[in-house]
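Spelled out from the first residue to the last, the chains are:
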Amino acid sequence: MNNEQQTIGNGQPDDVQRTTDDVQRTTYNWKRILTKVIDIVCTIGLWIFGLVALYALLLFTVFDTFHVPTESMTPTLHPGDRGIINKLKLGGRVFDIYACAAGEPCEVKRMPGYGKLENGDVIVFNGPFIEDWDSVAMNVRRYYCKRAVGVAGDTLEIRDGHYRIRGLDKEFGVKREQDMTGRYVRDLRISTPDSVPLPGWIYCTPHDSTFNWTIAEMGPMLIPAEGSRISLDRHNTILYRKYITWETGKRVEWQDTVATIGGLPVRDYTFRENYCFAAGDHTIDSQDSRYWGLVPEKFIVGVTTIYGHLPWE
């Protein structure tokens, strides 16, 4: 054999051709590996996106979680407890959260649910005010967990610290806590001289001298349901004006002998929304409907079904 390198059909030396083939095979293998890696990454990404989207959908329509920061629901719930919110019972809500957060009027719609709000349900809801208790607005930055003592259509009163619903022979809340509240307010009235005003915290909504209701003696008060019709005498105008203003967007006033809505005299009013009376079980130290008034049902996130320490904690 000659000392010259052996060549093949294309005129290239044999070792050069082998080197070229090796490079092509290596390049092909790297392309296959890269393609597989990209496929795996894309598949994982799609799965993650799908799971996140499913989780977001479930949070929106089925459930959510909450954390208890205060003692207002003791002994039922304690600070640090967590729970699961059931959104299926009342139905998930649809609204423009950015408009609500900006303080703009926002319409809240609710998907169909399998049930209705019931007396005694423990609920989580958006705060029913933004800055003061004299108006109604959905505060998307603040949530409360309380017990729905009274629901739409009920007539509620508080006697000696105890909640009473006309027509229902049943205790709602924690009797021992209500006993303590009634006893504390009674003792406070006895021990306070007539010349000394009682502390402001014992007085409750509507914070008007016409009523002088306290956290131990309040009502009776109708909790409006959609379609409930009331006469607008002076008593009811004072008691319900902020709810009527929220529903109509018009100023409600009592002028001499007649109520006006948007400057026009009216004799009665038919409510467009359902409301509830939400209160903490620790009645002596709970900021709730006794102070800031009724909660529109549209503000309710859902009903709690599991609370305390969650199963996986």
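Located above this text is the structure these notes cover.
Keep in mind it's a predicted model, so treat the numbers as computed, not measured.

Quick notes on the rules
Residues numbered from 1 in each chain as written. Predicted model: local features only at pLDDT ≥ 70, side-chain atom pairs only at ≥ 80, totals over all residues. Heavy atoms only, no water. Patch = residues over 30% accessible without salt bridge, like charges linked within 9 Å, V, L, I, M, F, W, Y side chains within 5 Å. Areas by Shrake-Rupley, 256 points an atom, 1.4 Å probe, with all protein chains shown as cover. Salt bridge = Lys/Arg side-chain N within 4 Å of Asp/Glu carboxyl O. Helix = DSSP H or I, 4+ residues; strand = E, 2+ residues; numbered from the N terminus. Core = buried A, V, L, I, M, F, W, Y, C linked by side-chain atoms within 4.5 Å. Buried < 20%, exposed > 50% of the residue type's maximum accessible area, 1.4 Å probe, protein only. Contact = heavy atoms within 4.5 Å. Pairing = 2+ DSSP bridges. Axes fitted to C-alpha atoms, helices over the stretch in contact; angles between N-to-C directions.

Where nonpolar side chains cluster on the molecular surface, the patch consists of Trp-30, Ile-33, Val-37 and Val-41 and spans about 420 Å² of accessible area. Position of Trp-30 among the secondary structure elements: in helix H1 (residues 14-61).

The biggest cluster of nonpolar side chains holds 52 residues, and the ones touching the most others in it are Leu-117, Ile-123 and Phe-277. Ignoring anything within four residues of it in the chain, the contact list for Phe-277 reads Arg-147, Ala-148, Val-149, Gly-150, Leu-156, Tyr-163, Met-218, Ile-223, Ser-289, Arg-290 and Leu-294. Grouped together as the second largest cluster of nonpolar side chains are 9 residues, Phe-66, Val-68, Val-122 and Cys-145 included.

Moving on, we come to the sheet that holds strand E9 (residues 217-222). Ordered by their spatial adjacency, 3 strands build an open sheet running E8-E7-E9, and the pairing between neighbours is antiparallel. The open sheet has two edge strands, strand E8 (162-165) and E9, and neither has a second partner. Along the sheet, successive strands turn relative to each other by an average axial angle of 15°, direction set aside. As paired elements, strand E7 (residues 155-159) and E8 share 4 bridges and run antiparallel to each other. Its bridge partner being in E8, Arg-159 is matched across the sheet by His-162.

Turning our attention to the sheet that holds strand E12 (residues 258-261). Strand order in this open sheet of 3 strands is E11-E12-E13, and the pairing throughout is antiparallel. Looking at the sheet topology across the chains shown, the edges are occupied by strand E11 (252-255) and strand E13 (264-266). Here the strands of the sheet are splayed against their neighbours by 40° on average, with no regard to which way each runs. Strands E11 and E12 of the sheet are contacted by helix H4 (residues 234-248), whose axis makes an angle of about 150° with E11.

Just geometry here; none of it tells us what the structure is for.
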